[in-house]
Amino acid sequence: MLVNGVHTRTVWMEDGVVKMIDQPRLPHEFRIVDLPHHTDTAKSISTMIVRGAGAIGATGAYGIAQAALEAPEDGFHAYMAAAADTMSKTRPTAQNLFYGIKYVLKAIEGAGDDIAAARAAAVTAAQAVADDDAACCEAIGRHGAAVVPDVARVSTHCNAGWLAFVDWGSAISPLYVAHRSGKDVFVFVDETRPRSQGARLTAWELGQEGVPHAVIADNAAGHYMRTGEINMVIVGSDRIAANGDVANKIGTYTSALAAKAAGIPFYVAAPTTTIDPDCPSGDDIPIEERSGDEVRFTWGWSDAGEFIRIRTVPDGSPARNPAFDVTPAALIAGIITEKGIIEASPEGIASVARTL
Ligand code: MRU
């Protein structure tokens, strides 16, 4: 997608160096960070310099490829096992991360004891994960645009745009396609406390693409659904269980309940790399619990031009901070994948799920 008119991906690798957009700096500053070692790349996921299911999937894949380039010939496999462990422990919920890691490890395995071939296979496989993510999201845009009304007043939560993937995005991709095709699209962007991915990232992306939108406080979405100002909801997903239950950013479940009450279709958009066929239901999806400080503090640019954090709750008040919640399949109108729109049901999921 375009940043100030220049085609840009969220994450990529050049000569063994992983490069990515520094997302916590947006929308105030656009800068690229260079990560020369796989441990730097792992840290970029855990500290959320990169975030979003598809983006961390590609980053995990690139990190494993970096490790394959770094690993000594003698002790190659032990080095790789340690790197895979480090990368897998960066964040627990997004299935794409585990898919990306496993995809590259399998390619390495396929090279057997030929270490030079293993290194080359790892780099090729990581690039394939990233390119596949971008291609899936482009296809999601085409399939999803078909269910976007000619006059669309769409609610979305968190950031499931191109910053959350390698390119295009999941939930926002159909809106880009619909907008480019001339449909009248307006997006209600949930602010998405506590990290404000909607206010900071989705609003910035939509602005870059010229899509009309308004940022709203999370607790305003139900109001606009009930009063008829919103006629569709599209969100992304971090992991989809085999029965069609969906984990997504905290607050998604509340939005789905409000949409159900208002009779508004609630769509989920995700590449099939987000499906975890080994996870029977939403109850089995690991939900990340992050530091309460993300709730207690906010951060931004001061008038003095400094990136600062500010406490917004009484000193000493503790906070809880689940990063995701689960929306039951029964609340979902359909799941928009690169293979088409499927029912959120065991049959629908089985019809598109990938195996590695
Ligand atoms: O905690 P984050 O920012 O990595 O959250 C993941 C997400 O981007 C959202 O849950 C999104 O809606 C899913 S689509 C990548």
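Up top is the structure these notes are about.
Residues numbered from 1 in each chain as written. Predicted model: local features only at pLDDT ≥ 70, side-chain atom pairs only at ≥ 80, totals over all residues. Heavy atoms only, no water.

S.K.: Just give me the short version of the overall build of the protein, but keep the residues and values in it.
M.R.: Within the protein, the secondary structure is distributed over 11 helices and 18 strands. Radius of gyration (C-alpha) of the protein: 20 Å, near the 21 Å computed for a compact globule of 356 residues. Once the C-alpha set of the protein is aligned to its principal axes, its extents read approximately 65 × 55 × 40 Å. The buried share of the protein, taken over its 356 residues, is 54%. Contacts spanning at least 24 positions in sequence make up 75% of the contacts within the protein whose residues lie at least 6 apart. (Helix = DSSP H or I, 4+ residues; strand = E, 2+ residues; numbered from the N terminus. Rg over C-alpha atoms; globule rule 2.2 N^0.38 Å. Buried < 20%, exposed > 50% of the residue type's maximum accessible area, 1.4 Å probe, protein only. Contact = heavy atoms within 4.5 Å.)

S.K.: Run through the pairing of strand β14 (residues 297-301), naming residues and quoting values.
M.R.: Looking at chain direction, β14 and strand β15 (residues 307-311) are connected through 5 bridges and run antiparallel. By the bridge assignment for β15, Gly-300 is matched with Ile-308. The turn joining β14 and β15, which pair antiparallel and follow one another in sequence, is formed by 5 residues; a positive phi near 80 degrees is taken by Gly-305. (Pairing = 2+ DSSP bridges.)

S.K.: How would you sum up the site of the ligand? Please name residues and give values.
M.R.: Among the 17 residues in the neighbourhood of the ligand, the closest are listed as Arg-51, Arg-91, Asp-238, Asn-248 and Lys-249. One nitrogen or oxygen atom from the side chain of Arg-51 is found 2.6 Å from an oxygen atom belonging to the ligand. In the complex, 99% of the free accessible area of the ligand, which totals 400 Å², lies under the protein chains. Its atoms largely coinciding with the cavity grid, the ligand occupies the largest cavity. For the shell around the ligand, the class distribution of residues is 7 nonpolar, 6 polar and 4 charged. (Near = heavy atom within 4 Å. Polar contact = N/O pair within 3.5 Å; in protein donor to acceptor, adjacent residues only side chain to side chain. Areas by Shrake-Rupley, 256 points an atom, 1.4 Å probe, with all protein chains shown as cover. 1 Å grid on protein atoms, 1.4 Å probe; cavity = no way out; pocket = protein on both sides within 12 Å on 5 of 7 lines; lining within 4 Å. Sits in = over half its atoms within 2 Å of the grid points. Nonpolar A, V, L, I, M, F, W, Y, C, P; charged D, E, K, R; others polar.)

S.K.: Lay out the sheet that holds strand β5 (residues 32-35) in plain terms, naming residues and giving numbers.
M.R.: Read from one edge to the other, the open sheet built from 3 strands follows the order β3-β4-β5, with strand pairing classed as antiparallel. At either margin of the open sheet sits one strand with a lone partner, and together these are β3 (11-14) and β5. Geometrically, the sheet is characterised by an average inter-axis angle of 25 degrees between neighbouring strands, direction not taken into account. Across 4 bridges, strand β4 (residues 17-21) lies against β5 in antiparallel orientation. The partner of Lys-19 across the bridge, within β5, is Asp-34. Lying over the sheet, helix α2 (residues 53-70) contacts β3, β4 and β5, oriented at roughly 20 degrees with respect to β3. (Axes fitted to C-alpha atoms, helices over the stretch in contact; angles between N-to-C directions.)

S.K.: If you had to explain the sheet that holds strand β17 (residues 334-337) to someone new, which residues and values would you point to?
M.R.: Spatially, 7 strands are ordered β8-β7-β6-β9-β12-β17-β18 in an open sheet, and the strand pairing comes out mixed. At either end of the open sheet lies a strand with only one pairing partner, and these are β8 (213-216) and β18 (340-342). The mean inter-strand angle of the sheet, taken between neighbouring strand axes irrespective of direction, is 25 degrees. Across 3 bridges, strand β9 (residues 232-235) lies against strand β12 (residues 266-269) in parallel orientation. The residue bridging Ile-234 from the neighbouring strand is Tyr-267, located in β12. Running over the sheet, helix α5 (residues 115-145) touches β12, β17 and β18 and is turned about 135 degrees from β17. Relative to the sheet, helix α9 (residues 252-262) contacts β9 and β12, its axis offset from that of β12 by approximately 145 degrees.

S.K.: With reference to specific residues and values, describe the side chain of Thr-274.
M.R.: Relative to the helices and strands, Thr-274 is located in the loop between β12 and β13 (275-276). Here Thr-274 falls in the buried class, since its relative accessible area comes to 0%.

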